[in-house]
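Topology and contacts: notes
Each chain is listed here by its residues.
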Amino acid sequence: MAAARDSGGLESYPLEYILHHVPLMGVMGLLEPGSGGDPTNAAVVSTPPGTPSQTTSTAAGTTAKPRPTSYVKKTLLAALMAKNNRSIWDGGKGSHFFHVMPLEKSHTFPPKKLPNRPPGSPASPLSPLNPSSALYPDGIISPAWIKRHREALPSALVAFFELFEREPGERKPDSTGGVNLDKERDQILCMEINEKKRLTQDRGMKYAVVIILKQFPPDEQLDERLQFIKKTCGLEQKRSLFIIPSTMGKDGAGQVEDFVNNLQRALFEHAANYYREHAKRIRKKKSKIPVPAPTSSASSQPQGVRPPPAPPSAQQSSSTLGSPTQSSASLPPVPAGQQQGGVIPNAPRPLPPIGWHVRYEYKLAVFAEFRQDLDVSISHYEAAYQGLIEMFNAAIFAPPGSATALQGLIPYSARWEDARILADCINFKICKLYLYTDAPVPALAQFNRHILQFRNLPEFAGTASNSAVDVSVAGSLVSQVPRGGSFEYWAWASKQHRVIGEIVEVATTKLGLSVPYPPPGSVPPASGGAPPPLANQGDGGMFGPFSSSNSSLVVQHAGFYYITAARCAEERWRKFKLQQGSGDISTENGTATVRPSFQAIIAAEGSLDHSALVIELLTKSYEQFKKQKSGRMTLYLAAEIARIYQESGKQEMAYKFFERIAKTYRKESWPAILTAVVASSLICAKRLGMWDAVVESLVELLSERLVDDDGMRGRVQAQLMRIVANGASSASILTDDGSEIEQLARQLTLALTPPYPGAGDAARMPHAQSPIVDDAVTPSVPIRSVVAMDKINSFLTCNVQIRKENAYVMSDVPFQVTLTASSSRTPCVPIRASQIRVNFSDPRFNYVFVDSGGDAGVVGGGQIEYIDGRSGVAENLGSDGSESIVKRDVNLVFQPGSRKVLEGLLVPKESQDIKVLNVQVILVANGQIVEEASSVITLQYDVGERPEDLSSRRKWVVPNPSTGVPIVCMLDGFGEQTAVRVIRKQPNLKVVLQHTSPAFLDEFYPVTVVLRNEESEEIHAHVDVEVKSTVGGETIDAGSLIAADPAVLSNAIDRGDLASLPMRPSVSVIPTASQSDQATTLPPISISGSPPSTPSQFFNVITGVDLGPISSGEEVTRTFWMACMNNPGERAFHATVHYRVLSDTATAVTPTSPTYWHRKQETARIKFMRPFEGKFNFREAACLPFPESVDEAGLLSFDAGAFGMMKQLVASGGGTVAPLPPLRRTSVWLLDGSVKFVGPSDLDVREINVVHSTGEQGVLGTVTRIRGKEEADSQRQTFNCLYRLEVTTDIGKPFTEFSVGSMHITWRRKTADQEGSGMWRTSVLPIPSYPVSKEDVVIIADHPPEGTVGTLFAVHYTVQNTSLQVVELSVATEASEGFVFSGYKQATLRILPLATKSLSYNVLPLACGRCVLPRTRFSRKTLGTSSGTLSPATSAQSLAPGSPNRASVVGSPSPQQAVAPPAPPAVAPLPVLSLRGSVAGKDGELMLFVKPCLGW
């Protein structure tokens, strides 16, 4: 009985009753000889090392190494028994697995019972007819019967045998020529197979043989041998013989698992037939039992009325499930006086026919479940269940001694308890099988039916003295029990709901059940087992429009049933407390009926930890609701867990739960539920001696949002004020007041209405509790509690408004603190505050409003009470003046509906941010705070930590002396204003930067800083200036300079000594602004000291330029000069002015304090551009006349002459010679320059010069100006110039280009209004270097600059060989239309190295105008020398036609290089340079202007 009364799950019932039944298979031949029948030793299989994981088929003919059959047997046994460890929930429709039982080869089965048992022969040991049976004489079924079919009597037997095989080399007949050895072994195997087969034939089992082959591939005679075994053993039937090789499982367990699955699938139908034959036998027995007449149902009897049966005179106190109850030998003799009509009342009697029907129906259900015919199994289980109901009803409702009563069970007997357990298990079976067959609604209907049918059991009826049912279960099916039910009933109901919750939980996780079922709006098929509609269902039928209000008609998720189980367990706890120590369970006709075992039941119940059980169920429900994402329900369940902790005495755990839950309910505004949570927290805190928490809970309960009843809130307020007056050390608080606090808190829990399923609209009733003994530890010190009012529901709200967001130093900053009662009925009784403190971030501004102690007044009911505290008295609290307060005596009595507005005034004396940290309302007894003995309760409003609120406009209260009613004005903005920024009033100083844009590179650009004092007072100022480049952000530009004096820039730039200007400041004197010193228009700067007496000069920064005092209306200017040397672009000129009003610092001790200084910054962005752009062009000037000192241009000049050098080379014979003087060649070039001024302003240009730079080694040159002319127009200014360049090159040294130098332009702006603008500045334009090539052959033509028709003149050609090779030239002259000539038309010139030859022609002009001279073409063949040897060379150099201004030889080696390898000769014309005034044509012709002649 104890096992049935605990509140465990299905595991607390006999496992044979609740496990899912599957066919039993016996396996023989897989156990090792030494295992002793224990399959655990044989089932542990480890894969040998090196076994691959890939499965391969042995049927494909692949060869494999023979393996020991012991490994194959272990693998097979492990695979067969893998599914044995199934839980209660495993199984279901469509599963075809077996429960495998390994057997020894010597195992024998008991013989089958004879069909017709002879008279007098004993019945089965498990039959109620056998006196030695535990079921004798009236037992229904025993778990041992189920265990026998689950573990002892298999439906199929599979025997594993090994086939004798020899090695491949030994496969030959015997030498004797007699019977083959294989055949003899096969005959022995057949005898063993037939012997095991006879064992199964007696029991009707399916027999299958599995032969393990040792060799693979098999020999040729294998098929013949297997056919012999099959015929000899009678295994011709389908699925009777299986062949497997010993290599199975070599490549993994996949082959073994497939074989096991196929084997079980093949034998499943035979196993089903085996159990079907058993069912036929049971039906035959059942048909011989007379059909009992139905008893009256429980519904025909009045609700809660039953004739109580007399208890048995002698009965065992308890029995366990499945254990023997009592035999006929143990029955005590019945006195003759107690016999009535031959019937012994309440004495054990034979099992009635209805009991036999229950027995046989249960067996039929079990056999149907074994064969997995779940629908048939459900029908038989329901029939057995109905029979049990009839037996219980016969015992409850039939008249004692009647024939109907004899068909029932004996109340309070062991059989009664066993039958009740069996009924519970059958009910769970039906529910589970319905879920397996996808029928959740009938499963729920069966569960509800079970609750309704068994509520009338006599042990479940409550006592008349306590028939009330807790509201948490009121209105549900489980609450409809006679007289409220006993604790045994509630224990049983809790267990039923827990089990159905476990079934539904598994169905949702393993079977995929979707809850709630049916879904809203659907109409599932009707169920015959549905309970009648409840009162709150209406006429909508089972699934009508009102069915959603009755949760018993819909399959909910498991959390619903767990919470119902927890409610029942809690009610069980409550009922047990009421019945503790009493044996009265029912009363009939004024006579108490006492059960003999009642005291043992009470003792067993008392040893149970009810609180742990309830918390466990609530926790399981919490987890389920959390999975369903029901946030509200999880909070409620957490509150229930806390409440159970509280009732079980675990106050600390309960308080932690309540504290966490209350935060969510406060945040989401659930005051009705929060009331009970706060009240429960109050009880826990009081019992734990946490007086701070007690005070906080009492303060929160003063809010009408939590407690609407004025009387209740008055009691709460009275308790709070008594704590203020007496503190925690008062004995009355710990005794009378302490219990009153708890009673008050319990009454407040009425507001908690749990969302309990089935509770309807009933309210939550408090649990009856025994008197609570207060064991809290008394604190030895007064209570000093600070209540964070912003974190709870406050009965008094606080709002702070500082009128201004920004203020100036020494100006008035008013603020108002508004304290408003939360309603017109709060507080119930006037409350007098001792002080109201307003604490600021700067403690020097703290305000304290002190209660004057006068009349409370009558201001209330929502009227505004304005209190002016601006004229308070300041007191210094610290010797250093770091903290002070302003006191003001006012009336601090809060009437119901009060609204007090307290106004104060701040006068800041320095720049800073002032913020209200908090407002404190202090409650002290007698209005005086005594540090040692007073209890102080501080209601603190942390206004400085509140989030921004934009829901309401800012308001300001203004007194109205005429009417006495303050006026409410609206301010700009929303929410609260708790901070003010105080700055010094920035003087009105106008700063302007004057300059003329754009600026030019290289000039001294003036920027004037203009300061105008627009204040009425004198201002002292100094300025800092800085120049930065704006390219890529503002960065320091090393090429930008600034100075206050242009002479400083001129000296540094002209000398090229920029080091005189520091590159960066060594000590920064640029002030840094702080946030607290910011002004309204521009943040002021913080200066560590007075401005420097002399400015600090850097290359781009000037700091500390003192401008001195500036009178009112006066304007002061200061000019700074910028110079940018390169990189045109934009520059930023920053001028930062630091200034102060002299009157502010006249009396200050430290006038240089940063408090008195302000800063203003102006920025000018100036574009710098180049003033000039230059273009330069080079051309050879051979046509110009030479100076008088130069005879020839372009000819070689050296001291010894060409012949002298040749003589030295020849004399040395190619050896070492003395160094020769340099060999130079001189060329004349023209440089044509055009310079344009690109700026928008006019410039004065004083001088333009070309400064020749130092030439490269081997190149010398001079630059002579020929002409410079200014050409200007209205749009721009242009300067053109022409220079003559004489370039002398050393042919013995390498060179590539000639660096001319740069053009220096001295200029200034035409406007000279300001000092420095008239200064002449020099800009430098670089002239590009001209590349110089070394020509090997130079041909110069000399002819007069002009001619006259008919006048003969000469043309001379001078040919120079500048190389160290012999040059052979071919000369061909062609006639032209305007001239005739005399001379060689064709000639050959051979020129030695470094030599010159001349060729002359006489020419007569025939026509006037611009005419082409006769064309003379020069082509050459080069004879080279090597190392000074004058040997001819066969390589020819082709000279491509070039510009007529220049002669060039491509690819000719220099004197330092070796002679090029021979190449085919090529002839190409050489260019000719004109020495005189003619110019060349486009094809290289020489042209001459011919004048006409009169008379020609």
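Residues numbered from 1 in each chain as written. Predicted model: local features only at pLDDT ≥ 70, side-chain atom pairs only at ≥ 80, totals over all residues. Heavy atoms only, no water.

1. What to know about the sheet that holds strand β2 (residues 99-103)
One open sheet accounts for five strands, arranged β2-β1-β3-β4-β5; its pairing is parallel. Since the sheet does not close on itself, it has two edges, and those belong to β2 and β5 (241-245), each with one partner. Going from strand to strand, the sheet's axes swing by 25° on average, the running direction of each strand aside. Note: strand β1 (residues 24-28) against β2, five bridges, orientation parallel. Bridging across to β2, M25 finds its partner in V100. Contacts from helix α6 (residues 181-203) reach β1, β3 (156-162) and β4 (206-213) within the one sheet, and its direction differs from that of β3 by about 170°. (Pairing = 2+ DSSP bridges. Helix = DSSP H or I, 4+ residues; strand = E, 2+ residues; numbered from the N terminus. Axes fitted to C-alpha atoms, helices over the stretch in contact; angles between N-to-C directions. Contact = heavy atoms within 4.5 Å.)

2. Examining the nonpolar core
Ranked by internal contacts, the top residues of the largest apolar core, which has 99 residues, are I193, Y362, L388 and I426. When residues in this core are grouped by element, the largest group, 14 residues, is from helix α12 (residues 414-436). Residues in contact with Y362, not counting those within four places in the same chain, are Y17, I141, I146, Y381, A384, L422 and I426. (Core = buried A, V, L, I, M, F, W, Y, C linked by side-chain atoms within 4.5 Å. Buried < 20%, exposed > 50% of the residue type's maximum accessible area, 1.4 Å probe, protein only.)

3. Considerations on the pairing of strand β21 (residues 936-941)
Most of β21 sits inside the fold, with six of its six residues counted as buried. Burial along β21 is two-sided: V936, T938 and Q940 facing one way and I937, L939 and Y941 facing the other are all buried. Pairing between strand β8 (residues 784-788) and β21: five bridges, direction parallel. Directly across from R784, in β21, lies its bridge partner V936. Bridge analysis of strand β20 (residues 912-924) against β21 gives six bridges, and the strand direction is antiparallel.

4. Some points on the sheet that holds strand β25 (residues 989-994)
Strand order in the open sheet formed by four strands is β25-β27-β32-β29, and the pairing between neighbours is antiparallel. Both outer strands of the open sheet, β25 and β29 (1040-1043), are each paired with one neighbouring strand and no more. The sheet shows a mean angle of 25° between the axes of neighbouring strands, direction not considered. Sheet topology note: the β25/strand β27 (residues 1005-1013) ladder contains six bridges and is antiparallel. In the sheet register, K990 faces β27, and the bridge partner there is R1012.

5. Observations regarding unusual backbone geometry
At the junction of Y136 and P137, the peptide bond is cis and its omega measures out at 0° in the coordinates. Position of P137 among the secondary structure elements: in the loop between β2 and α5 (143-151). S997 connects to P998 through a cis peptide bond whose omega is 5°. Despite not being glycine, K629 shows a phi value in the positive range, around 60°. Structurally, K629 can be placed in the loop between α17 (610-627) and α18 (631-647). Judged by its relative accessible area of 76%, K629 falls in the exposed class. Non-glycine residue N1127 carries a positive phi angle of around 55°. Position of N1127 among the secondary structure elements: in the loop between β32 (1115-1124) and β33 (1129-1141).

6. A look at the packing of aromatic side chains
Applying the stated criterion to the full structure yields 33 aromatic pairs. Centroid distance F392 to W416: 4.9 Å. Interplanar angle 80°. Geometry classified as edge-to-face. Highlighted residues: F392 in helix α10 (residues 374-397) and W416 in helix α12, separated in sequence by 24 residues. By relative accessible area, F392 is classed as buried at 2%. Under the relative-accessibility criterion, W416 is labelled buried at 1%. Their ring planes at 35° and their centres at 6.0 Å tell us that Y489 and W492 sit as a pair that is tilted. With Y489 and W492 both in helix α14 (residues 487-510) and three residues apart, the pair spans about one turn of that helix. Among the residues examined, W492 registers a relative accessible area of 2% and is labelled buried. By way of ring pairs, the aromatic residues Y385, F392, W416, F454, F460, Y489, W490 and W492 are connected into one cluster. When the ring centre of F894 is taken as reference, the NZ or CZ atom of K900 above it lies at 5.5 Å. Between the NZ or CZ atom of R1321 and the centre of the ring of F1004, over which it lies, the distance is 4.4 Å. (Phe/Tyr/Trp six-rings, centres within 6.5 Å; stacked < 30°, edge-to-face > 60°. Lys NZ or Arg CZ within 6 Å of the ring centre and 35° of its normal.)

So yeah, pure geometry; function would need other evidence.
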